[in-house]
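Structure at a glance
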Amino acid sequence: MSITALELSGITKRFGSFTANNDVSLTVRKGTIHAIAGENGAGKSTLSNIIYGLVQPDAGTLSIDNKPCRLTSPREAIKAGIGMVHQHFMLSGNLSVLENILLGDERQGLLSPFRRSRAREVIAGIAERHGMPLDPDAMIENLSVGEEQRVEILKLLYRNAQLLLLDEPTAVLAPSETRKLFTALRSLRDEGRTIILITHKLDEVLNIADNVSIMRKGKLIATLSCDKTSKEELARLMVGRDVVLQADNPPHTPGAPRLELRNLSMQTGNKRQRLEKLSLTIRTGEIYGIAGVEGNGQSELLQLLWGMPPADAHITGSAQLEGKELLGLQPRDIAGLGVSNVPEDRHRHAAIGQFSIENNMLLGRHREKAFARGSGFNRKAREQLLHDITTHYDLRTGGSTNQAFLSLSGGNQQKIIAGRELGRPDLRLLLLGQPTRGVDIGAIELIHNKILEARQAGVAILLVSTELEEIITLSTRIGCIYKGSIRHEFSPEEVQEGRMAPAKFSESIGMHIT
Amino acid sequence: MHKPLPRIVTPAAAITVGLLLSTLLIIAAGRDPLAMYAKIASMTFGSSYGTGQVIFRTTTLVLAGLAVAIPFRAKLFNIGGEGQVLAGAFTAAVTAAFLPSWTPAPAAVTIAVLAGALAGSAMALSAGLLKVRYGVNEVISTIMLNFIIQGFSSYMLTNHLALPSTAHTPDIVDTAIIPALWKHSPANYSVLIAAGAAIAGYILLFRTRFGYEMRASGLNPQAAAHAGIDTGLHTLTAMAAGGAAAGLVAANIVLGYRHCFESGLTAGIGFTGIAVALLSKAHPLWVLPSALLFGAMEYGGLSINAYVPKEIFMMMQAVIIIMVLVMQKK
């Protein structure tokens with residue numbers, strides 16, 4: 001059975017002089033899960049926006065169920081049976097699940113009677129069938145990220161979408177939620193629906209997809225069947241060269257304790273206990289990895305150590321950097337002690353989108369004496385910094401360094417942040433929050449190597465990541481965080497051993513974080 | 001991926017649209033637009049009195065424009081230029097009127113100018129404090145402060161300060177007068193203060209580390225805070241600097257022109273300042289040509305009031321601003 005659900009031929013889309021999609025042809029068979037993989041900036045998002053009618057191609061044709069069509073808006077795409085789950089959800093927080101699903105439904109006339117109970121039954125039925133349990137009357141603002149995503153999918157199913165486009169659906173999910181999502185997607189496929197999965201995580205591609213198309217620099221390089229390929233082959237196709245997936249991790253030789261956290265507790269205004277007597281020690285020249293499902297206190301720990309706890313937080317315990325208490329200090333004082341921070345949320349906390357690349361390289365380091373000249377900046381020192389980060393981090397800015405930070409791909413953005421923070425003079429402690437989230441493979445490889453270099457140079461590093469693979473690859477020791485405290489700690493020997501058999505090690509870490 | 005347009009394009013297109021509209025209105029009013037524009041040209045830059053009027057108005061608008069532009073860079077919308085100009089003018093006039101007549105000229109001018117700047121600054125700073133301390137939106141607080149200073153100055157004028165059977169304060173001491181640029185011209189040497197303020201604003205914002213922090217706070221306060229920048233401090237200084245610029249208008253209007261305070265002396269200046277700042281895209285140096293344009297339109301409209309209603313030019317100003325905003329959104 002090979003009915004074509006979607007066929008693209010010769011799709012080309014240019015933005016100014018930049019070609020986002022170059023002669024892309026693709027056939028997606030009905031009842032399959034088809035992954036589109038590629039690095040950031042490879043043109044995946046443009047392609048999915050074209051399929052969803054958000055962007056019109058300059059050339060090429062699109063046909064659905066073998067019928068050629070032109071989609072000029074998402075409204076038409078929905079009519080044609082295409083639904084999309086965006087990376088950032090489009091839900092109204094102050095409405096219930098049911099209301100969000102019904103919102104904007106074509107079948108609902110403005111003045112026709114509102115059959116709430118009927119809709120509730122239909123939705124409950126769909127949810128049940130595909131293993132996506134949800135309370136239809138829960139308010140969106142009280143849902144977890146995974147549940148919100150379920151609402152988005154149910155919204156599409158309620159509108160009877162036959163082709164589902166998911167843009168990086170697992171970027172925001174914990175491992176357990178990812179498993180549930182995949183179960184639901186398989187069930188949808190078995191029902192005859194078609195799913196297009198946009199992603200850059202190759203493990204997921206191999207895990208769930210039937211076929212995979214690889215994009216690079218706007219071109220569709222290859223379409224392969226997932227049982228006839230390997231992660232290495234996909235990575236090579238994506239990046240265009242051989243990639244070392246596992247960063248080479250030299251032996252760890254931790255030194256004296258540098259950061260000591262003792263019985264850290266934090267309670268926020270609504271009596272929520274965010275951290276509960278958390279204790280850990282990080283030594284010089286070691287990477288302490290914190291593994292855990294998002295929302296178990298990792299963000300709060302990073303905020304606290306960077307001097308930015310929520311205003312209404314009640315904090316007890318101590319956090320000492322070489323005997324100096326960090327709690328109560330401001331970020332600029334903490335930075336002054338030789339601490340660097342790569343915040344979890346790049347866009348909101350780490351950079352200023354409208355500022356130039358150069359200005360972002362200075363952000364937070366602009367007080368350093370080396371950059372000062374009178375009340376202004378020393379231009380030579382700034383240019384040196386720009387040059388250093390650009391070359392050492394292989395920045396691809398397409399020429400102008402005056403362009404806005406926002407216009408760069410995620411990988412290049414994160415390289416700038418990493419370059420800035422790792423380059424702090426006399427660096428003693430490095431706080432890393434999701435250092436490679438939303439970053440392509442090539443950039444991950446580079447950033448991982450730079451982190452390991454810093455460790456070799458004797459920096460103490462705290463690594464918070466929801467990617468177990470990243471934690472296992474980099475860490476000297478691993479602490480499993482659960483409900484605000486370290487529930488279990490893996491010793492350097494155990495981690496070293498675990499690195500040999502990552503899949504099995506992931507499982508045993510998983511036991512301690514759920 | 002779009003190349004940004006050169007920054008002159010938006011204002012130029014906006015002005016063109018404004019001109020077209022006013023041309024239509026002049027035709028509708030039954031006049032020949034070309035003749036009217038020729039008349040405006042000869043009445044403004046064609047005569048020394050007209051030139052003086054335009055420079056005088058431009059001086060005021062540069063300062064009123066800076067009052068909005070500088071806070072705008074810290075993401076603060078200072079609607080209170082009106083009240084800050086009034087506070088500055090009132091304070092400078094009263095201070096200069098009560099100075100002993102033997103005060104030497106440099107001292108008298110300096111004291112009066114500083115008094116005006118401080119009064120404007122204090123007005124704006126209180127809105128900044130309300131924002132930093134209590135989270136009160138500066139748009140609301142500056143509008144309220146406008147009412148407060150209007151009420152206060154008008155009460156003080158009518159009940160305590162006005163000369164008997166007049167509606168103005170006593171004249172300022174002679175030594176506090178800022179001399180005219182040439183005889184019978186309203187334009188005076190405070191035009192240098194305005195130009196200096198624009199340059200100082202530019203240097204502060206774009207050439208110092210302080211300004212780097214201020215712009216960072218305005219563009220992304222959370223990221224700025226993570227970078228160890230005290231965003232509250234920048235809210236306060238941006239408001240204080242903007243208010244001081246508004247207060248400096250007193251130098252031009254009171255010390256350089258009217259030599260006393262009367263009710264309605266500064267009416268509308270703060271609001272035109274908003275328009276000037278928007279057209280300049282909140283860039284202190286672009287405030288200069290922007291203010292010149294509005295100054296010329298204001299006096300140009302007035303000069304042909306006998307033939308076509310000056311309200312046409314008011315409409316033109318508003319059309320230009322709306323066009324700028326429309327085109328910035330793309």
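In this text, all values refer to a predicted model and were calculated from it rather than measured experimentally. (Residues numbered from 1 in each chain as written. Chains lettered and ligands numbered in written order. Predicted model: local features only at pLDDT ≥ 70, side-chain atom pairs only at ≥ 80, totals over all residues.)

A few points about the overall build of chain A
What chain A contains, in helices and strands, is 18 helices and 22 strands. Its C-alpha radius of gyration of 24 Å places chain A within 12% of the 24 Å reference for a compact globule of 514 residues. For chain A, the spread of C-alpha atoms along the principal axes amounts to about 70 × 50 × 50 Å. Sorting the 514 residues of chain A into buried and exposed places 43% on the buried side. (Helix = DSSP H or I, 4+ residues; strand = E, 2+ residues; numbered from the N terminus. Rg over C-alpha atoms; globule rule 2.2 N^0.38 Å. Buried ≥ 20, exposed ≤ 12 C-beta atoms within 10 Å, placed from the backbone.)

So, the pairing of strand β2 (residues 18-29) of chain A
Residue and element names in this part refer to chain A. Summarising the sheet, strand β1 (residues 4-15) and β2 pair through 8 bridges and their orientation is antiparallel. From the neighbouring strand, Thr 4 faces β2, where its bridge partner is Arg 29. Between β1 and β2, which pair antiparallel and follow one another directly, the connecting turn spans 2 residues, one of which, Gly 16, has a positive phi of 60°. (Pairing = 2+ DSSP bridges.)

Focus: the interface of chain A and chain B
Each partner contributes to the interface: chain A provides 24 residues, whereas chain B provides 17 residues. Those elements giving two or more residues to the side of chain A that touches chain B turn out to be α10 (331-336), α11 (346-350) and β18 (376-377) of chain A. Its residues assigned to classes, the side of chain A that touches chain B comprises 13 nonpolar, 9 polar and 2 charged. (Contact = placed C-beta atoms within 7 Å. Nonpolar A, V, L, I, M, F, W, Y, C, P; charged D, E, K, R; others polar.)

With respect to the packing of helix α7 (residues 190-207) of chain B against helix α10 (residues 231-258) of chain B
Residue and element names in this part refer to chain B. Running from amino to carboxyl end, α7 crosses α10 at an angle of 165°, the nearest separation of the two axes being 9 Å. Between α7 and α10, the angle is such that the two are roughly antiparallel. As α7 packs across α10, the resulting crossing turns out to be left-handed. Of the residues in α10, those touching α7 at Ser 190, Ile 193 and Ala 197 are Ala 245, Leu 248, Ala 251, Asn 252, Leu 255 and Gly 256. Classifying every residue of the contact of α7 with α10 gives 6 nonpolar, 3 polar and no charged. (Axes fitted to C-alpha atoms, helices over the stretch in contact; angles between N-to-C directions. Parallel < 35°, antiparallel > 145°, perpendicular 65-115°, else oblique. Left-handed = near helix turned anticlockwise from the far one by under 90°.)

Let's talk about the domain arrangement of chain A
Residue and element names in this part refer to chain A. On domain assignment, one finds that chain A holds domain 1 (4-239) and domain 2 (257-352 + 420-513). Using only C-alpha atoms to locate each centre, domain 1 and domain 2 end up separated by 33 Å. When residues of the side of domain 1 that touches domain 2 are traced back to their parent elements, those giving at least two are α6 (175-190) and α8 (231-239). Sorting elements by how many residues they give to the side of domain 1 that touches domain 2 places α8 first, with 3 residues. Among the residues forming the side of domain 1 that touches domain 2, the class breakdown is 6 nonpolar, 3 polar and 1 charged. (Domains from an automatic or database assignment.)

With respect to the sheet that holds strand β22 (residues 485-490) of chain A
All names here are of chain A. Within the open sheet, the 6 strands sit side by side as β16-β19-β20-β13-β21-β22. Their pairing is mixed. At either end of the open sheet lies a strand with only one pairing partner, and these are β16 (339-342) and β22. With direction set aside, neighbouring strand axes in the sheet form an average angle of 20°. Sheet analysis places strand β21 (residues 477-482) next to β22, joined by 5 bridges and oriented antiparallel. Bridge pairing links Ile 478 to Phe 490 in β22. Lying over the sheet, helix α9 (residues 298-305) contacts β13 (287-291), β19 (429-433), β20 (460-465) and β21, oriented at roughly 145° with respect to β19.

Describing helix α13 (residues 379-392) of chain A
All names here are of chain A. For α13, with 14 residues, the first-to-last C-alpha span of 20 Å sits near the 20 Å given by 1.5 Å per residue. Along α13, the residues classified as buried are Leu 385, Leu 386 and Ile 389. When α13 is viewed along its axis, its buried side chains cluster within an angular range of 95° and face the same direction. Away from its buried face by more than 90 degrees, α13 exposes Lys 380, Glu 383, His 387 and Thr 391. Where α13 is buried, its residues contact α12 (357-362) and α14 (410-422). Asp 394 sits one or two residues past α13 and shows a positive phi near 50°. (Expected span 1.5 Å × (residues − 1). Arc of directions from axis to C-beta.)

Examining the nonpolar core
By size, the foremost hydrophobic cluster in this structure holds 144 residues, and its most contacted members are A:Ala37, A:Leu154, A:Leu165, A:Leu431, A:Ile461 and A:Leu463. Broken down by element, the residue count for this core peaks at 7 residues, all from helix α15 (residues 441-456) of chain A. Mapped onto the domain boundaries, this core takes at least three residues apiece from domain 1 (4-239) and domain 2 (257-352 + 420-513) of chain A. Apart from residues no more than four positions distant in its own chain, A:Leu431 is found in contact with A:Leu302, A:Leu305, A:Trp306, A:Val339, A:Ser340, A:Asn341, A:Val342 and A:Leu462. B:Leu61, B:Ala124, B:Leu265 and B:Ala296 belong to the second-largest nonpolar core, a separate cluster that totals 100 residues. (Core = buried A, V, L, I, M, F, W, Y, C linked by C-beta atoms within 7 Å.)

Structural notes on the sheet that holds strand β4 (residues 59-64) of chain A
Hydrogen bonds between backbone atoms are what pair the strands of a sheet, whose relative direction is either parallel or antiparallel. Residue and element names in this part refer to chain A. Taken in spatial order, the 4 strands make up an open sheet running β2-β1-β4-β5, and their pairing is antiparallel. One side of each edge strand has no neighbouring strand; the edge strands of this open sheet are β2 and β5 (67-69). Recorded for the sheet is a direction-independent mean angle of 25° between the axes of neighbouring strands. Here β1 pairs with β4 via 5 bridges, running antiparallel. Its bridge partner being in β4, Ser 9 is matched across the sheet by Thr 61.

Observations regarding unusual backbone geometry
You will see that A:Lys483, though not glycine, has its phi angle at about 45°, which is positive. Within the secondary structure, A:Lys483 is located in the loop between β21 and β22. Phi is positive for B:Ser165, which is not a glycine, with a value near 55°. With respect to the element layout, B:Ser165 can be found in the loop between α6 (138-161) and α7.

With respect to the environment of B:Trp182
Residue and element names in this part refer to chain B. For Trp 182, the position within the fold is in the loop between α6 and α7. For Trp 182, a count of 12 C-beta atoms within 10 Å translates into the label exposed. A C-alpha to C-alpha distance of 8.3 Å links Trp 182 and Gly 52, two positions 130 residues apart in sequence.

Quick look at the packing of helix α3 (residues 48-73) of chain B against helix α11 (residues 269-279) of chain B
Residue and element names in this part refer to chain B. It is at 7 Å that the axes of α3 and α11 come closest, and there the two elements cross at 65°. Both α3 and α11 take part in a crossing whose hand is right-handed. Within the contact between the two elements, α3 uses Thr 60, Leu 61, Ala 64, Gly 65, Ala 67, Val 68, Ala 69 and Phe 72 and α11 uses Ile 269, Gly 270, Thr 272, Gly 273, Ile 274, Val 276 and Ala 277. When the residues that make up the contact of α3 with α11 are grouped by side-chain class, the tally is 10 nonpolar, 5 polar and no charged.

With respect to the pairing of β13(A)
Residues and elements named next belong to chain A. With respect to burial, β13 is a largely interior element, 5 of its 5 residues being buried. Burial of β13 is two-sided: the residues Ile 287, Gly 289 and Ala 291 facing one way and the residues Tyr 288 and Ile 290 facing the other way are all buried. In this structure, β13 lies alongside β20, joined through 5 bridges in parallel fashion. Within β20, the residue paired with Ile 287 across the bridge is Ile 461. As judged from the 4 bridges shared by β13 and β21, these two strands associate in the parallel manner. Counterpart to Ile 290 in the pairing with β21 is Gly 479.

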